[in-house]
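# Structure assessment
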Amino acid sequence: MTVRSYTHFINGRFDGASTDFVERKAPATGETVATFASGTQDDMDRAVQAAREAFDKGPWPQMSGMERAEILNRYADLVKANFDKLVQIEIEEVGKPIRFARGDVSGVVGLIRYAASLAMQMVGSTYTNLGANKTALLMREPIGVVALVTPWNFPALILAQKVPFALAAGCTAVVKPSEFTSGSALELAALAVEAGVPAGVFNVVSGKGSVVGKTLTEHPGVDFISFTGSTRVGQEVMQASSKNVVKTSLELGGKSANMVFADANLDDAVDGALMGVFFNNGECCVSGSRLFVQNSIADEFIARVTERSKKLKVGDPFDEDTDIGAMIDPKHHGKVLEYIDSGVAEGAKLLAGGGAASGAGHFVQATIFDHVQPTMKIFQEEIFGPVLSITRFETMEEVIELANDSPYGLSNYVWSKNIDTVMNVAKRLKSGWVQANTVIDGAPQLPLTGVKGSGYGYEMGQAGFEEFTQLKTLFIHTGPRTPVFGR
Ligand code: NDP
């Protein structure tokens, strides 16, 4: 197997300055698949300086939207041309099944193309009703140098939820990918330069969050921080940003409710229950990991979900038939197994799975618990693995209360053919997203945001694009002014 070896990508090229490297072992096989430079404070300083110069001296922020859109569309073409390589990297470094890795890279192409269209839609507004001789322009400008910190579960996709939008707005960026999965970020930076993005506009520094992530989020050269990751680290990022009073956007953890009413299309809902929790190995912020089923259909519905879960294939992520790949690393694997043990210890009823799956990698069986109570750890905490908690409910009131009984508020799902049920539930859920009769769906046009412990700020859509801009108000007085103070 070829081991990919990467240095940082700074100022338009792979940077030769690093001497310290870390090995990435594939979570599904234990084999070394890549080496990444272990970044230092100095590496991050150089990257921020490159982005600062590229922003302050141009030409990227001064280019027309049309020019930036053309380059971004070329970038999308290049990503498409490198599809197989990027898919391979995501499978090897993350351990995710091939069909989901393919979906991620297709998603990257779509996000870049959508962002390219937004480059031509960077509009402010004008006030002409302020009185005679007075006009005000709200001018939309790029926010500046942006710090983008990304997690390991969707390394390419989450990067593409940020970088193309920042670039479309005319910003310059420094990315800190997860230390486990930096390969696609580095490849995507090199492809951007190949497409015509000027040197210094898109930089990537690999290494530990506690070193380079901290340096980046505390850096005085940064104008905006967009962070995706855990709530705990999000809190640290908030503190770091306060040092230089920098705007932040935080996309954090989740514990989504997947609510099935008796009048739902139950075939679809069974599939939605499985997809909700087993997609991407369960390592998904919008995972529908808490399933709520209405009492009148509960026994039969849960039996169907359980039976189907037992047929899922856990193992080699390169196998087209694999449903669940490997957990990201041994520590996380151990943490997921501990949650399973806690579910048993706290008295939930184990219906399927319940432990590690066999193989050379960090595999976990598709696991299902029934009769989960809101006081249990597996109900309240983000497990980030293939573990489903089922709770039964009687009324709409009850399930809304159960769904909102969470420190998180990222996404929720409701299954019902009754539009009144869908609307009434959706309006009362405390989450940034609600999806009806579908699960973990989305499109580049639709903004993602969280409430409560899931963070704040928008990613994707027009709202996500505008996070990378700011309004400057220009107040213009024309013609003679009436003196305010005496002559
Ligand atoms: P972490 O919070 O552990 O890490 C996220 C990123 O932050 C990594 O690049 C990490 O670096 C970096 N980091 C760590 N410490 C610091 C620090 N002090 N300052 C700055 N950066 C730092 O999350 P995971 O990578 O474990 O990802 C899983 C989490 O992400 C889950 O909670 C999940 O719900 C959430 N998530 C949220 C999404 C959303 O859209 N809301 C989407 C996807 C995931 P390193 O790992 O290299 O140390």
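A brief look at the structure comes next. (Residues numbered from 1 in each chain as written. Predicted model: local features only at pLDDT ≥ 70, side-chain atom pairs only at ≥ 80, totals over all residues. Heavy atoms only, no water.)

### With respect to the packing of helix H1 (residues 41-57) against helix H7 (residues 209-217)
Relative orientation of the contacting elements H1 and H7 amounts to 35 degrees, with a least axis distance of 9 Å. In the packing of H1 onto H7, the handedness of the crossing is right-handed. Together, Gln-41, Met-44, Asp-45 and Val-48 of H1 and Val-211, Val-212, Thr-215 and Leu-216 of H7 make up the contact between the two elements. (Axes fitted to C-alpha atoms, helices over the stretch in contact; angles between N-to-C directions. Helix = DSSP H or I, 4+ residues; strand = E, 2+ residues; numbered from the N terminus. Left-handed = near helix turned anticlockwise from the far one by under 90°. Contact = heavy atoms within 4.5 Å.)

### Quick look at the packing of aromatic side chains
Working definition: an aromatic ring pair is given by the centre-to-centre distance plus the angle between the planes. All told, the structure shown has 10 aromatic pairs when counted by the stated rule. A network of ring pairs unites the aromatic residues Tyr-6, Phe-9, Phe-14 and Phe-36 as a single cluster. Positioned above the aromatic ring of Phe-379, the side-chain terminus of Arg-290 is 4.8 Å from the ring centre. (Phe/Tyr/Trp six-rings, centres within 6.5 Å; stacked < 30°, edge-to-face > 60°. Lys NZ or Arg CZ within 6 Å of the ring centre and 35° of its normal.)

### So, the sheet that holds strand E14 (residues 290-294)
Taken together, the 7 strands give an open sheet; going across it, the order is E15-E16-E17-E14-E13-E19-E20, and neighbouring strands pair in mixed fashion. Each edge of the sheet is formed by a strand with only one pairing partner; in this case those strands are strand E15 (349-352) and strand E20 (433-436). Ignoring strand direction, the axes of neighbouring strands in this sheet form an average angle of 20 degrees. Bridge count between strand E13 (residues 257-260) and strand E19 (residues 411-415): 4 bridges; the pairing is parallel. Opposite Val-260, over in E19, you have Trp-415 as the bridge partner. On the sheet, helix H10 (residues 295-309) packs against E13, E14, E15, strand E16 (367-370) and strand E17 (387-393) and is oriented at approximately 135 degrees with respect to E14. (Pairing = 2+ DSSP bridges.)

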